[in-house]
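These are the residues of each chain, in order.
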Amino acid sequence: MNRFLAFCALAFSATLASAQPALPITTQQAVAALQAAAAEQPDDAKLFAALQGGAPVGWLNGGCSVGFLGRLNSEPTALPGVHWGATRGGVTSFRVGIRQLDALADLPCDLIEIAPLAAPHLDRSIGATRTDSVHAGIALPQSYHGENVLIGVVDWGFDYTHPMFYDTTLTFSRVRGVWDQWRQAGPPPADYGYGTAAEDPAAIAALQADTANVYSYATHGTHVAGIAGGSGAGIGLRGMAPAAEFLFATFLVDVAAALDAFVWMQDIAEADGKRLVINMSWGLPQIGSRDGNSLINQFIDGLSNDGVVFAGSAGNNGDYNFHIDHTYGGDTLRSRVQFYPTSANANMWGQDLTLWGEPGEPFEAGFSLLSSMNAILDEGPWLATADGPFGWDTTFVSGNDTVVYQAAVEAAHPVNGRPYIRLRIATPPANRGIAMKVTAPSGRVHAWNTTYLSNEVGNWGQDFYGTLPGWTGGDAAYGIGDPASTESVITVAAYRSEYFSPGGTELGGEVAYFTTHGPTLDERHKPDLAAPGVSVLSSISSFTDNGFALSQTAPFNGVDYPFARFSGTSMSSPTVAGIAALMLEADPTLTPAEVKAVLKATARQDDETGWLPVEGDPVWGVGKVNAYAAVMEVLGLSGMAAGDAGTRADVWPNPAGQQLVVQCPEAAGRWRLVDFTGRVVAEGAFAGGERLTVPVGAYARGSYVWEWQVAGRREVTHLAFI
């Protein structure tokens, strides 16, 4: 087989010898191997299954495709079998059908690399957030790993036995307490009458994992917790705070149960005399006021006043045009409602249309029955907020068509005084559609379209369509719901971690396409900041029956514990929760408001974020979380990292491997890398705001000082470990 692949590689190389683009030999070999595999297996599905995990293959347009990176020399052109992706700085991603790989020779690129298989993304997250420098204690009084801090995770799908939740030597478990609200065998917590709780290590070990719930034997909580504080499981996949202890609560998918869990965690933290950070990687898109005034908002704000730090995911609806807002003057708005397909989820019921107006400005809303060609066949009743409060659970019959719907109407909602309508409409009959209609004499009305499941746990948006002239399409704005809209919560957006290709090209760093956009309904700036949340590798419950693509395993106590990559703001939120634990270890007296303020003040901006206003951006917040700068600020050492105004720089990854990247100060000058004997090992000039990539793989391992000179003044920015 190796001789055959070698022959294929030489043959492919010869084909491209006189043509552009250039392919590194490693890419030529990989392409040849893939072509050989495709020749041997005519079934794309079987081919895809065989190659998964060993090659950058994906399922696209009904076939197996291969991922590549290219450096463009002209605009991308449409070619059979080629699917162009994102482009930044002249570098593009694209996929090619595995049976059309010869098309590589015709692409408008001067360099093509096969897409590198993803390395463990917790490692990337640690570098992207500068947490590696905190763990190493660079220019700090000590290293910080979250000791004497409790991280509470309120979620579903916990494997209490996973080695990620042991200490770094895999000697003892760091799971301080568990409460499975679904397991009714007992005993429940002392102050609550439901579920099963355990705080003794032996009792926790005997339980092993939480029980099945609405998500069956899930794994989401195990993945989230590994990001926040995983110890590495003996294979190096550390989370943000690998010395913190855990509190796990598997809650009943309702707000009351979540609030119980919060207080249960707070009681344990106070009894232990430790600070508590709670992570919430979930949302309530159909519940709550979206303006920070709902009961859960108020509850969380109260706990924050007591010293509990909350981190929450912004949501994953950034790729849906599920929102509409309009200021009325007696006109009527119409928009077709997209329904999630019933074939995609056994619990599919219909769509939830949630509408909020302005206090003192009544409005009316309803729906129209449409044909498959968007012709209005019949008009459903108007619901008027002025007639509220009232509720309906009824049907609308038009000829042979029946539409089931539920309505809840408030003239002035008790939590905020706003007029409100929630209209839940079941999936319409075949070849029929639904349009939302809204009218008001004056005032502004917002509407959202989210999927509603029969088990009441749907949390994703669907589009509004302006399908006819004069109708209105949706947008992705004002997507922040509860509990993320809570003022005291650190609300976290998601982006892809930066990393290097084998050829040395820095990739990633772009905002996640799915991250939910702000602001809140009352125009507050949310999200607060962003953290890595795309294809993050973390722990998977060994008890789960949920589907996942296995990335690797860690052997422990005779079990191969699984790891997989997930994407979502569910992954970015625990990143910030773990960083908050590092800050609280550095200064246990910080208030939650101070933790949030420091994180926002030290967030970084780069080419991907662009310039962000001080108050924040509706997608990025104030920028990318920077653990190192945050801990330096907490310790009063930020001048060591930042220098004077106009001379701020940033160095990563730290410790470095083959390359060191430096974001230079805004003013031009010169830089030097100096070892601890005072010898200058590298130096050069930089333009203001330039990003440098410095090869360091040939230097001896050890500690170095990065210096720069601006206007004749010498500044020391960082210690750099190589």
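Thresholds, definitions, all that
- Residues numbered from 1 in each chain as written.
- Predicted model: local features only at pLDDT ≥ 70, side-chain atom pairs only at ≥ 80, totals over all residues.
- Heavy atoms only, no water.
- Helix = DSSP H or I, 4+ residues; strand = E, 2+ residues; numbered from the N terminus.
- Buried < 20%, exposed > 50% of the residue type's maximum accessible area, 1.4 Å probe, protein only.
- Contact = heavy atoms within 4.5 Å.
- Areas by Shrake-Rupley, 256 points an atom, 1.4 Å probe, with all protein chains shown as cover.
- Pairing = 2+ DSSP bridges.
- Axes fitted to C-alpha atoms, helices over the stretch in contact; angles between N-to-C directions.
- Phe/Tyr/Trp six-rings, centres within 6.5 Å; stacked < 30°, edge-to-face > 60°.
- Lys NZ or Arg CZ within 6 Å of the ring centre and 35° of its normal.
- Salt bridge = Lys/Arg side-chain N within 4 Å of Asp/Glu carboxyl O.
- Core = buried A, V, L, I, M, F, W, Y, C linked by side-chain atoms within 4.5 Å.
- Polar contact = N/O pair within 3.5 Å; in protein donor to acceptor, adjacent residues only side chain to side chain.
- Parallel < 35°, antiparallel > 145°, perpendicular 65-115°, else oblique.
- Left-handed = near helix turned anticlockwise from the far one by under 90°.
- Nonpolar A, V, L, I, M, F, W, Y, C, P; charged D, E, K, R; others polar.

**Points about the overall build of the protein**
In step 1: Across its full length, the protein carries 13 helices and 39 strands.
In step 2: When each of the 722 residues of the protein is scored for burial, the buried share is 55%.
In step 3: Considering only residue pairs separated by 6 or more positions, the protein has 71% of its internal contacts joining residues 24 or more positions apart.
In step 4: Looking at the protein as shown, the accessible area adds up to about 27,700 Å², and 52% of this sits on carbon and sulfur atoms.

**A few points about the sheet that holds strand β22 (residues 420-426)**
In a beta sheet, neighbouring strands pair by backbone hydrogen bonds and run either parallel or antiparallel.
In step 1: The strand order across the open sheet built from six strands is β14-β24-β16-β22-β21-β20, with neighbouring strands paired in antiparallel fashion. Every interior strand has two partners, whereas the edge strands, β14 (323-328) and β20 (390-398), have only one. Mean inter-strand twist for the sheet, computed between neighbouring axes without regard to direction, equals 20°.
In step 2: Two elements, strand β21 (residues 401-410) and β22, share six bridges in a ladder whose sense is antiparallel. Paired with E410 across the strands is Y420, a residue of β22.

**Looking at the packing of aromatic side chains**
In step 1: Within the structure shown, the criterion is met by 23 aromatic pairs.
In step 2: With centroids separated by 5.3 Å and ring planes inclined at 80°, the aromatic side chains of Y513 and F514 adopt a geometry described as edge-to-face.
In step 3: Overall, the relative accessible area of 61% leaves Y513 in the exposed class.
In step 4: Judged by relative accessible area, which is 7%, F514 ranks as buried.
In step 5: By way of ring pairs, the aromatic residues F158, Y160, F165, F246 and F248 are connected into one cluster.
In step 6: Lying across the ring of W448, R290 places its NZ or CZ 4.4 Å from the centre.
In step 7: The ring of Y495 carries K624 above its face, with NZ or CZ at 4.5 Å from the centroid.

**Let's talk about the pattern of salt bridges**
In step 1: In total, this model carries 24 salt bridges according to the counting rule given.
In step 2: Of the charged contacts in the structure, one is a salt bridge between E379 and R334, with a shortest N-O distance of 3.2 Å. Here E379 is found in strand β18 (residues 376-379), whereas its partner R334 is found in strand β15 (residues 332-337), with 45 residues between them in sequence.
In step 3: Accessibility expressed as a relative area gives 31% for E379, which makes it partly exposed.
In step 4: When the shortest N-O distance is used, the salt bridge between K596 and D528 registers 3.8 Å. A residue pair is termed long-range when its members are at least 10 positions apart, and K596 in helix α11 (residues 592-601) and D528 in the loop between β28 (506-507) and β29 (529-532) qualify at 68 residues.

**Concerning the nonpolar core**
In step 1: The biggest cluster of nonpolar side chains holds 65 residues, and the ones touching the most others in it are I151, F248, I490, M583, V595, L599 and V631.
In step 2: In terms of residue count, helix α10 (residues 569-586) provides more of this core than any other element does, 10 residues in total.
In step 3: In terms of nonpolar packing, the next biggest core, distinct from the first, is built from 30 residues, A261, I268, L276 and I300 among them.

**Considerations on helix α12 (residues 627-634)**
The α-helix advances 3.6 residues per turn, and as a result positions three or four apart in sequence lie on the same side.
In step 1: The buried fraction of α12 is high, at seven of eight residues.
In step 2: Buried within α12 are the following residues: A627, Y628, A629, A630, V631, M632 and V634.
In step 3: Its side-chain oxygen placed 3.3 Å from the backbone nitrogen of Y628, N626 serves as the N-cap of α12.

**Quick notes on the sheet that holds strand β12 (residues 275-280)**
In step 1: Here eight strands make up an open sheet; going across it, the order is β8-β7-β11-β6-β12-β13-β26-β29 and the pairing mixed. Pairing within the sheet leaves two strands with one partner each, and these edge strands are β8 (196-198) and β29. The mean angle between the axes of side-by-side strands here comes to 20°, regardless of whether they run parallel or antiparallel.
In step 2: Alignment of strand β6 (residues 149-155) against strand β11 (residues 245-250), held across six bridges, turns out to be parallel. When the sheet's bridge partners are listed, V153 is paired in β11 with F248.
In step 3: Sheet contacts for helix α7 (residues 220-229): β6, β11 and β12; angle to β6, the most-contacted strand, approximately 155°.
In step 4: The strands touched by α11 within the sheet are β12, β13 (309-313), β26 (490-495) and β29, with β26 carrying the most contacts at an inclination of about 30°.

**Quick notes on the pairing of strand β7 (residues 175-180)**
In step 1: The buried count for β7 comes to six of six residues, which makes it a mostly enclosed element.
In step 2: Of the strand pairs in this sheet, β7 and β11 are connected by five bridges, and their pairing is parallel. Looking at β11, one finds that V178 is bridged to F248.
In step 3: In this structure, β7 lies alongside β8, joined through three bridges in antiparallel fashion.

**Overview of the packing of α10 against α12**
In step 1: Put simply, α10 and α12 touch, their axes get as near as 9 Å, and they point 20° apart. For the element pair α10 / α12, the angle class is roughly parallel. By crossing handedness, the relation of α10 to α12 is classed as right-handed. The segment α10 lies against α12, with I579, L582, M583 and A586 engaging A627, A630, V631 and V634.
In step 2: Here the residues of the contact of α10 with α12 are counted per class, giving eight nonpolar, no polar and no charged.

**Concerning the pairing of β13**
In step 1: Most of β13 is tucked away: five of the five residues are buried.
In step 2: Bridging between β12 and β13 involves four bridges; their strand directions are parallel. For N279, the partnering residue across the bridge sits in β13 and is A311.
In step 3: Here β13 pairs with β26 via three bridges, running parallel. What sits directly across from A311, in β26, is I490.

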